[in-house]
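# Structure assessment
Take a look at the letters that make up each chain.
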Amino acid sequence: MKTLKILVVIALVIAVSAFAIDRVSDQAVSDTGYAVGDIATDFSLKNVDDTMVSLSDYKDTKGFVVIFTCNHCPYSVAYEDRIIALNASLAPKGYPVIAINPNNPKAYPEDSFEHMKIRAKDKGFTFPYLFDEGQKIYPQYGATKTPHVYVLEKTTEGLVVRYIGAIDNNYKDAKKADKKYVENAVSELLSGKKVSVETTKAIGCSIKA
Amino acid sequence: MQKSLLYIGLFVLLIGCKGEQKFTMEANEVLTSKGVVIPVYNFANLEPLLRMKDGKTRIVNFWATWCKPCVAELPYFELINSRYPDDQVEVILVSLDLPSQVESKLIPFVKRQRIESKILLLDDPDADNWIRKVDKEWTGSIPATIIYKDNSSNFYERSFTYNELEKELKKML
């Protein structure tokens, strides 16, 4: 009788732990970040000018172009001038660029806050370049690499994700890019249309937490 | 700096299969410097290499010199390449370095690390188009690896230790 009891307890332990494993993997699946249509989180992150920046600080915008980018990645560097140009053309239309460096400087010393300040100054960034301290925001968005863009539209429901992916279809040469994904998405949103290309894929530098 | 860029238009990479079949891949261009030869492909020309059906197991690793986790795991791919017979397992390292950095970064790296696996450069800016063709699950971050033989293929968007890589390889052998 005693052995049976022990067996029951063991079976119960196994059943319970199996359940626990299921729970964990469920969470992992839901942890992959935003899909188009999801509501994006706001944040409060430190900018290169030492002020804290939140999306809620922007009262008169129609949305945002949130770009996870960094200093060390050649693909990010290749897009720097285009990110500046995007902000110049889209901020006046109500879609300012918000750049976020998601990398842990322990993995990439070049991506430290001090180096972000230097880069922003050297390149003359006209938009916030924020540091995801503790690497807490990028996993919520589901960014996996730099550069990785999220176009958000401000609605009564909150900030709705309308586009996820690359800036355009040619990382090497801006002049040869004939699909300008982010510009097209924003101009479709501005004219009240549905975004025609909602997600694109691109090679980028893996984000290191 | 010594520099010799060869643009011969057509570089034929011969992949011998038990001396019977020969398979040709047309490179778009070939970059050479310091005795290192890097054929450059667009995706259309590279794609046949991901779909060979000759009984050989191929490990295709997408990497770049700027990608730290990629560089960290390269020795394991090299070790697999040296430990398994060429007619059974072939390691192909597909570099995604920017073409402008081939001479300054990639070639010196290959020379310094004495890399013996096959290296080629994938230069195809329309990534949204070809990333999906490599694997529909791939988000585009590297390292990423395909291990395939004939009609079975596994895709990994992750880093490996040697033991992990060998374990995955053995599933395919």
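To be clear, the structure that these remarks concern was listed above.
I will try to describe carefully the structure that is included in this document.

Cut-offs applied
- Residues numbered from 1 in each chain as written.
- Chains lettered and ligands numbered in written order.
- Predicted model: local features only at pLDDT ≥ 70, side-chain atom pairs only at ≥ 80, totals over all residues.
- Helix = DSSP H or I, 4+ residues; strand = E, 2+ residues; numbered from the N terminus.
- Contact = placed C-beta atoms within 7 Å.
- Pairing = 2+ DSSP bridges.
- Axes fitted to C-alpha atoms, helices over the stretch in contact; angles between N-to-C directions.
- Core = buried A, V, L, I, M, F, W, Y, C linked by C-beta atoms within 7 Å.
- Buried ≥ 20, exposed ≤ 12 C-beta atoms within 10 Å, placed from the backbone.
- Nonpolar A, V, L, I, M, F, W, Y, C, P; charged D, E, K, R; others polar.

## Description of the overall build of chain A
Tallying secondary structure elements over chain A gives five helices and 10 strands in all. Taking the intrachain contacts of chain A between residues at least 6 apart in sequence as the baseline, contacts between residues at least 24 apart amount to 72%.

## Considerations on the sheet that holds strand β4 (residues 63–68) of chain A
Residues and elements named next belong to chain A. The strand order across the open sheet formed by eight strands is β1-β9-β8-β4-β5-β6-β2-β3, and the pairing between neighbours is mixed. Sheet topology places β1 (39–40) and β3 (52–53) at the edges, where each strand pairs with a single neighbour. Where helix α2 (residues 74–90) meets the sheet, its contacts fall on β4 and β5 (97–101), and the angle it forms with β5 comes to roughly 150°. Contacting β4, β8 (148–155) and β9 (158–165), helix α5 (residues 181–190) runs over the sheet at an angle of about 145° to β9.

## Some thoughts on the nonpolar core
In this structure, Val 65 and Val 182 of chain A are the most contacted members of the largest nonpolar core, which totals 91 residues. When near neighbours in sequence (up to four residues on either side) are disregarded, Val 65 of chain A contacts Leu 86, Leu 90, Tyr 95, Val 97, Val 149, Val 151, Val 182 and Val 186 of chain A.

## Section: the pairing of β9 of chain A
Residue and element names in this part refer to chain A. Where burial is concerned, most of β9 is hidden: six out of the eight residues are buried. Bridge count between β1 and β9: two bridges; the pairing is antiparallel. Bridging from a neighbouring strand, Ile 39 pairs with Val 160 of β9. The sheet contact formed by β8 and β9 spans seven bridges and is antiparallel. Along β9, the bridge assignment pairs Lys 154 with Leu 159. Counted between consecutive antiparallel strands, the loop separating β8 from β9 contains two residues.

## Concerning the sheet that holds strand β9 (residues 141–142) of chain B
With respect to topology, three strands assemble into an open sheet ordered β7(A)-β10(A)-β9(B), the strand pairing being mixed. Looking at strand neighbours, the two that pair on one side only are β7 (145–146) of chain A together with β9 of chain B, the edges of this open sheet.

## Looking at the interface of chain A and chain B
One frequent convention defines the size of an interface as the accessible area lost when the parts assemble. If you look at the interface, chain A gives 19 residues, while chain B gives 17 residues. Every element with two or more residues in the side of chain A that touches chain B is listed here: α2 and β10 (204–206) of chain A. Tallying contributions element by element places β10 of chain A first for the side of chain A that touches chain B, with three residues. Its residues placed into classes, the side of chain A that touches chain B shows nine nonpolar, six polar and four charged.

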